[in-house]
Amino acid sequence: MKSKFIIASLLLAGACLTVNAQEKEKYYTEKATDNIFVGVGIGGMSVFNGGMNTPTFNFNISLGKYFTPVWGIRGQVGGLWQSLDAQDNGYSAYCVKAGEVNLDAMLNLINLFAAYDPDRKIDFYLFGGPTMNISRGVNTSIVFDGNNNNQTIYSYERKGVKARFGATVGLGLAYNVTEKWAVNLEGRVGVTPSIFGDASDCRKAEATGRLTIGAAYTFGGKKFVSTAAKVDQNAINDEINKYRSELAQAQADLANTKNALANAKAETKEVVKEVQVAGPRAIFFKIGSAKIDDYGKVNIQLAAKILKANPDKK
């Protein structure tokens, strides 16, 4: 029984991971405190042991979290009792189950096969996982009365408290009244080892069925962020800090330069450069003579010297 339960749990976990990988558009929960919900439910349940027994009152309290629009988890505590109808053997009077604890993986089938819509009013979901029942144990004694046509006589004795482990699966239908409140209808079927052993018709295992209606409240409303809009805030901050550091260094360099200019003493240097200018030269002749005097020859030599040194001048 335990090996079957482990295999079923692993298959359910694998299905959830596969489904999550097949989402059309990825969404995630940005903060650990987002998408946490609580729920309550009331209804009835029946034990399937020696046939379907008369339903008894059942209630539950849940605490869970949605990780994406498709899947989430929750823990659920339920009770108060389960019982069997009166049997010829009389063991039904000893049938008391004080409560149960369920751990569910939740799979939203509508968001799985359709695009996530935060305004959608109806959700249809599958859930299931391990369960633990707390109940009274029952010891059975069987005696054959030889003096009375070998009639079988049964006697029963309560024996402490017994924890039984099994698995459950169910379907739920929710109507989202607001972004925070939803009402839901859930049906669950579970299988656990029988607490009655030889005292019951089903010696190895028994099934239970539950039908409850309830309400759930999501703190702050459902908040999912598309991975397409996900930003690496740390990388952005690192880049901003880098530019801030470079700007601060540039401002410091500018301030140092201004201080250096303000404290510098003006220094004036005189530069003397000799420039030769080819200027007009006058050569004079005596009236009635073509002979150049010494003064005229000096002027001609100076003009020739300047023209040779400055061939681009006219």
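Residues numbered from 1 in each chain as written. Predicted model: local features only at pLDDT ≥ 70, side-chain atom pairs only at ≥ 80, totals over all residues. Heavy atoms only, no water.

Moving on, we come to the overall build of the chain. When helices and strands are counted, the chain shows four helices and ten strands. Each helix and strand of the chain, ordered N terminal to C terminal, gives the series α-β-β-β-β-β-α-β-β-β-β-β-α-α. Looking at the chain as a whole, 29% of its 314 residues are labelled buried. Long-range pairs, those at least 24 residues apart, make up 64% of the contacts in the chain between residues at least 6 apart in sequence. When the accessible surface of the chain is split by element, carbon and sulfur atoms take 61% of a total near 20600 Å². (Helix = DSSP H or I, 4+ residues; strand = E, 2+ residues; numbered from the N terminus. Buried < 20%, exposed > 50% of the residue type's maximum accessible area, 1.4 Å probe, protein only. Contact = heavy atoms within 4.5 Å. Areas by Shrake-Rupley, 256 points an atom, 1.4 Å probe, with all protein chains shown as cover.)

Enumeration over the complete set of coordinates arrives at two cavities of 30 Å³ or more. Of the volumes computed, that of the largest cavity is approximately 50 Å³. Sorting the residues of the lining of the largest cavity by element identifies strand 3 (56–66), strand 8 (181–193) and strand 9 (205–218) as the ones contributing at least two each. If you tally residues by element for the lining of the largest cavity, the top one is strand 8, at three residues. (1 Å grid on protein atoms, 1.4 Å probe; cavity = no way out; pocket = protein on both sides within 12 Å on 5 of 7 lines; lining within 4 Å. Points joined across faces, edges and corners; volume = space filled by probe spheres on them.)

To continue, consider the nonpolar core. Counting eight residues, the largest nonpolar core consists of Tyr27, Phe37, Tyr66, Met106, Tyr125, Phe127, Ala174 and Phe224. Other than its neighbours up to four places away in sequence, Tyr66 contacts Thr29, Asn35, Phe37, Trp71, Gly72, Thr218, Lys222 and Phe224. (Core = buried A, V, L, I, M, F, W, Y, C linked by side-chain atoms within 4.5 Å.)

Quick look at helix 4 (residues 294–309) now. Helix length check: helix 4 (16 residues) gives 23 Å between terminal C-alpha atoms against 22 Å at 1.5 Å per residue, within 8%. The complete set of buried residues in helix 4 reads Gly296, Asn299 and Ile306. Buried positions in helix 4, seen along its axis, are confined to an arc of 90° and lie on one side of it. Set apart from the buried face of helix 4 by more than 90 degrees, the exposed residues are Asp294, Gln301, Lys305 and Lys308. (Expected span 1.5 Å × (residues − 1). Arc of directions from axis to C-beta.)

Moving on to the layout of surface pockets. The computed volume of the largest pocket comes to approximately 700 Å³. Lining the largest pocket are 45 residues, and of these Tyr66, Asp123, Asn176, Ala182 and Lys222 sit closest to its centre. Those elements that provide at least two residues to the lining of the largest pocket are strand 2 (36–48), strand 3, strand 4 (71–80), strand 5 (97–108), strand 6 (122–145), strand 7 (151–176), strand 8 and strand 9. Counting residues per element, the lining of the largest pocket draws most heavily on strand 9, at five residues.

When pLDDT is averaged along the chain, the result is 79, and 69% of the positions lie at 70 or above. Element-level pLDDT for the chain is lowest in helix 1 (residues 2–21), with a mean of 49, against a maximum mean of 93 in strand 8. For residues 17–23, every residue scores under 50 in pLDDT, and the model assigns this stretch nine contacts once sequence neighbours within four places are set aside. (pLDDT = per-residue confidence, 0-100.)

Turning our eyes to something else, we now look at the packing of aromatic side chains. Tallied over the entire structure, the rule returns six aromatic pairs. A centroid spacing of 5.5 Å and a plane angle of 90° characterise the contact between Tyr116 and Phe224, whose relative ring orientation is edge-to-face. Here the residue Tyr116 occupies a position in the loop between helix 2 (109–113) and strand 6, and Phe224 occupies one in the loop between strand 9 and strand 10 (225–226), the gap between them amounting to 108 residues. Among the residues examined, Phe224 registers a relative accessible area of 15% and is labelled buried. Taking the centre distance of 4.8 Å and the plane angle of 55° together, the rings of Trp181 and Tyr217 count as tilted. One end of the pair, Trp181, is in strand 8; the other, Tyr217, is in strand 9, with 36 residues separating them in the sequence. Residue Trp181 is classed as partly exposed on the basis of its relative accessible area, which comes to 46%. An aromatic cluster is defined as three or more aromatic residues linked by ring pairs; in this entry it consists of Trp181, Tyr217 and Phe219. (Phe/Tyr/Trp six-rings, centres within 6.5 Å; stacked < 30°, edge-to-face > 60°.)

Attention now goes to the pattern of salt bridges. The final tally for this structure, using the stated rule, is six salt bridges. A salt bridge links Glu186 to Arg74; its shortest N-O distance comes to 2.9 Å. Of the two residues, Glu186 sits in strand 8 while Arg74 sits in strand 4, which places them 112 residues apart along the sequence. Of the two residues examined, Glu186 and Arg74, each falls in the buried class. (Salt bridge = Lys/Arg side-chain N within 4 Å of Asp/Glu carboxyl O.)

Backbone geometry places Asn35, a non-glycine residue, at a positive phi of 65°. Inspection of the secondary structure puts Asn35 in the loop between strand 1 (27–28) and strand 2.

Relative to strand 4, strand 3 is paired through nine bridges, and the arrangement is antiparallel. Each bridged residue has a counterpart across the sheet, and for Ser62 the counterpart in strand 4 is Gln76. Counting the residues in the hairpin turn of strand 3 and strand 4 gives four residues. (Pairing = 2+ DSSP bridges.)

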